[in-house]
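# Structural characterization, general
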Amino acid sequence: MSTEVLSGKGLAALIQQRAQDEARLLEYEGQRPSLAVVVATDDESTHWYVRSIERAAERAGIGCRILDLGHDATEQVLASVLKDLSAEPTVNGIILQTPLPAGVRTDGLVGLIAPEKDIDGANPLSLGRLAVGQPAFAPATAQAVVELLEHFQVPLAGRNVAVVGRSAVVGKPLSLLLLEKDATVTICHSKSGALERYTRPADVVVVAAGRTGLLTGSHVSPASVVIDVGTNVLPDGSLVGDVDEASVTGVAAALTPVPGGVGSVTTALLLLHTAEAARAQARLLEKPALVSGTAG
Ligand code: NAP
């Protein structure tokens, strides 16, 4: 059978256009949306990724400041920068880019990102809000998976979805978003044992483990729609996902490519979230100040 390739590029362009339209409107009203990305690593692939966000932001008319604090930045310095950005009115969205220097605890730092500027859903408050169905920015990668499935009209209500990976940035928030779409979700991880027990019967399989070649043709069935979230850089510098593309192609119904699948949609969503955050913050400023203590 032939396996349909679910490219993310068309959807990414649509989302990027929405971000650009909103940014134009905001600029017309006197406020250019702006994103700040905090980086503290020498990792080349991370810098490549951050530059790709910067270029996409530029195309969408969204300001983008990269704050490169160096691979030896301390937790105190990172905390102080995040607090300043959270309080800075001209910054609408904040990303704390991983990996961070060894010994730096991510958990405490992401909690310093103001929830209204947390456009990549990193603050635990955002995940908590998602868990109880309250409005919050979802991590862009998790949202990108759901947007891709909806874009290609893959039914989710009442369907079985296997998610491989349970991280706070991808697997867990994605499972919450899929539950909101009425899917029945099975979350697999490194202690789940033979993955094919969960992935073969599933209508949709999402792999977000960061393990090259983890999902093979024997893990899927002819009805499977496979979403590859993994991004692994090979020694030759090329980028591959978690799916063994050669063995899954011809077995599964559909597969997202890497690169050109989830990643491109993720970047576009970060920009859309920044524009949405700027809009929400502008609305708050428009509200008349409450006057107190004047009665009588
Ligand atoms: P992570 O924090 O390392 O989590 C990986 C998850 O995969 C863990 O839950 C782990 O299980 C599970 N896992 C690892 N090996 C496994 C195995 N053999 N069988 C089953 N489960 C296994 O990684 P992450 O941050 O979620 O990222 C996952 C992948 O997505 C990475 O390749 C990352 O680069 C990529 N990513 C892509 C985008 C994008 O926009 N395309 C964005 C973010 C991340 P345990 O919990 O038991 O350890």
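Because the structure is a prediction, the values reported are computed rather than measured.

Let's shift gears to the overall build of the protein. Helix and strand counts for the protein stand at ten helices and eleven strands. The principal-axis extents of the C-alpha atoms in the protein amount to approximately 75 × 45 × 35 Å. Residue burial in the protein is summarised as follows: out of 296 residues, 47% are buried. For the protein, the proportion of contacts with a sequence separation of at least 24, taken over those separated by at least 6, is 71%. Accessible area for the protein stands at about 14400 Å²; split by element, carbon and sulfur atoms hold 54% of it. Where the 23 positive side-chain charges of the protein centre and where its 32 negative ones centre are 4 Å apart.

The next point concerns the pattern of salt bridges. If you walk through the whole model with that rule in mind, you get five salt bridges. Across the pair R51 and E44 runs a salt bridge, and its minimum N-O distance is 3.5 Å. Overall, the relative accessible area of 37% leaves R51 in the partly exposed class. Residue classification places E44 among the exposed positions, given a relative accessible area of 51%. Residue K181 pairs with E150 through a salt bridge whose shortest N-O separation is 3.2 Å. Here K181, found in the loop between helix 7 (171-180) and strand 6 (184-188), pairs with E150, found in helix 6 (residues 140-151); they are 31 residues apart in sequence, far enough to count as distant. Taking relative accessible area as the criterion, K181 reaches 33% and is therefore assigned partly exposed. Overall, E150 belongs to the partly exposed group, its relative accessible area being 38%. Ionic contacts of the salt-bridge type, sharing partners, join the residues E22, E29 and R279 into one network.

Attention now goes to helix 2 (residues 44-60). In a regular helix each residue adds 1.5 Å, so 17 residues correspond to 24 Å; helix 2 covers 24 Å between its end C-alpha atoms and thus fits that length. Within helix 2 the residues assigned to the buried category are T46, H47, V50, S52, I53, A56, A57 and A60. Summarising the contacts, the buried residues of helix 2 are in contact with helix 1 (9-28), strand 2 (34-39), strand 3 (63-68), strand 4 (93-96) and helix 10 (262-286). A positive phi of about 75° marks G61, the residue just after helix 2.

About the cut-offs
- Residues numbered from 1 in each chain as written.
- Predicted model: local features only at pLDDT ≥ 70, side-chain atom pairs only at ≥ 80, totals over all residues.
- Heavy atoms only, no water.
- Helix = DSSP H or I, 4+ residues; strand = E, 2+ residues; numbered from the N terminus.
- Buried < 20%, exposed > 50% of the residue type's maximum accessible area, 1.4 Å probe, protein only.
- Contact = heavy atoms within 4.5 Å.
- Areas by Shrake-Rupley, 256 points an atom, 1.4 Å probe, with all protein chains shown as cover.
- Lys, Arg positive; Asp, Glu negative; His and termini not counted.
- Charge placed at Lys NZ, Arg CZ, Asp CG, Glu CD.
- Salt bridge = Lys/Arg side-chain N within 4 Å of Asp/Glu carboxyl O.
- Expected span 1.5 Å × (residues − 1).

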